[in-house]
Amino acid sequence: MKAPILAPSVLAANFTQMTDVMGQIEASGAEWTHLDVMDGVFVPDLTFGAKMVADLRPLNRTIFDVHLMTVNPEKQIESFARAGADYITFHHEAVVHVHRVLTSIKGLGKKAGISIVPSTAVNVIEEVLPFVDLVLVMTVNPGYGGQKLIPQCLEKVKRLTHLREEKGYSFLISIDGGVNPDTAPEARNAGVDVLVAGDAFFKAPDKAAMAALLKGCQVKT
Ligand code: DX5
Ligand code: ZN
């Protein structure tokens, strides 16, 4: 089994120390940086916008995985593309014309991701699967870090893995919420390609060891 990509979520980091944080992510061996954009409407809290992403961009060389937990994401796609996002993922629940938004992300030369909350079934995104580069399966209700993974959501990962194989699609499957060394093995077995981890990564004193553990690699001593 291939080791998954790790995407530490900066939501769990100290926002006053972002230069160090970005260095820690790269030094740990994580390939991606997960950037949670919250608007206080789609989810109760607020985090940051495109300016922050642009300011963080030069601070490490990882892939920037922007997760928009916002209403009207289409209004901000150009700003995030300009800010240096590599993947731009928005919520199915926030958009009517999903295909149009996916097309505009790709038109800006970026990878397009679709996300679904725990109560949304895979079926509703089936028609757009040929057009997505990433499916972000929320394994908690979005809005906060440090929640418990809802195991039933991993069934959606299995279904997506199956659909991808059956239809010959090439999207990556990511999970977000409650990923830690106890929950990661089952997620890897379900076929996850990208593990997003906030608390588990940033609370770990040895981030490289935690990265190896989450990816299922042998921990170097
Ligand atoms: C939650 C965010 C997550 C969050 C995950 O709504 O989308 O990316 O940072 O945090 P943990 O890994 O602590 O559950
Ligand atoms: Zn996220």
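Residues numbered from 1 in each chain as written. Chains lettered and ligands numbered in written order. Predicted model: local features only at pLDDT ≥ 70, side-chain atom pairs only at ≥ 80, totals over all residues. Heavy atoms only, no water.

S.K.: When you look at the coordination of the zinc ion (ligand 2) in this model, what are you seeing that I'm missing?
M.R.: Six octahedral donors around a metal ideally subtend angles of 90 or 180 degrees, whereas four tetrahedral donors ideally subtend 109.5 degrees. Every protein donor of the zinc ion (ligand 2) is accounted for by His-34 (NE2), Asp-36 (OD), His-67 (ND1) and Asp-176 (OD), and the metal-donor separations fall at 2.1 to 2.3 Å. One way to put it: the six donor atoms around the zinc ion (ligand 2) meet at angles of 69 to 168°, and that makes the site octahedral. Counting gaps between the donor residues of the zinc ion (ligand 2) yields the pattern H-x1-D-x30-H-x108-D. With Asp-36 in strand S2 (residues 32–38) and Asp-176 in strand S7 (residues 172–176), this residue pair connects regions lying 140 residues apart in the sequence. Accessibility classification places Asp-36 together with Asp-176 in one group, the buried group. (Donors = N, O, S within 2.8 Å, 3.2 Å for Na, K, Ca; no water. Tetrahedral: all angles 85-135°; square planar, octahedral: opposite > 155°, others 65-115°. Helix = DSSP H or I, 4+ residues; strand = E, 2+ residues; numbered from the N terminus. Buried < 20%, exposed > 50% of the residue type's maximum accessible area, 1.4 Å probe, protein only.)

S.K.: Teacher, can you tell me more about unusual backbone geometry here?
M.R.: Peptide bonds are trans in most cases, and residues, glycine excluded, mostly fall at negative phi. Positioned with a positive phi, Asn-72 is a non-glycine residue whose angle comes to about 50°. Relative to the helices and strands, Asn-72 is located in the loop between strand S3 (63–69) and helix H3 (77–83). The exposure class assigned to Asn-72 is partly exposed, which follows from its relative accessible area of 35%.

S.K.: Can you help me understand the site of ligand 1 in this one?
M.R.: Inspection of the region around ligand 1 gives 19 residues, with Ser-9, Asp-36, Gly-143, Asp-176 and Gly-198 positioned closest. With respect to ligand 1, the side chain of His-34 contributes an N or O atom lying 3.4 Å from an oxygen atom. One of the side-chain N or O atoms of Asp-176 is found 2.7 Å from an oxygen atom in ligand 1. In isolation ligand 1 has 380 Å² of accessible area, and contact with the protein removes 99% of it. Those elements that provide at least two residues to the shell around ligand 1 are S2, S3 and strand S8 (194–197). A per-class count over the shell around ligand 1 returns seven nonpolar, nine polar and three charged. (Near = heavy atom within 4 Å. Polar contact = N/O pair within 3.5 Å; in protein donor to acceptor, adjacent residues only side chain to side chain. Areas by Shrake-Rupley, 256 points an atom, 1.4 Å probe, with all protein chains shown as cover. Nonpolar A, V, L, I, M, F, W, Y, C, P; charged D, E, K, R; others polar.)

S.K.: Would you take a moment to explain helix H4 (residues 98–107) for this structure?
M.R.: Turn by turn, an α-helix covers 3.6 residues, leaving residues three or four places apart pointing in a common direction. Of the positions making up H4, those classed as buried are Val-98, Val-101, Leu-102 and Ile-105. Axial view of H4: buried residues confined to an arc of 100°, hence all on one face. Away from its buried face, by an angle of more than 90 degrees, H4 presents the exposed residues Arg-100 and Gly-107. Buried positions along H4 lie against H3, strand S4 (87–91) and strand S5 (111–116). (Arc of directions from axis to C-beta. Contact = heavy atoms within 4.5 Å.)

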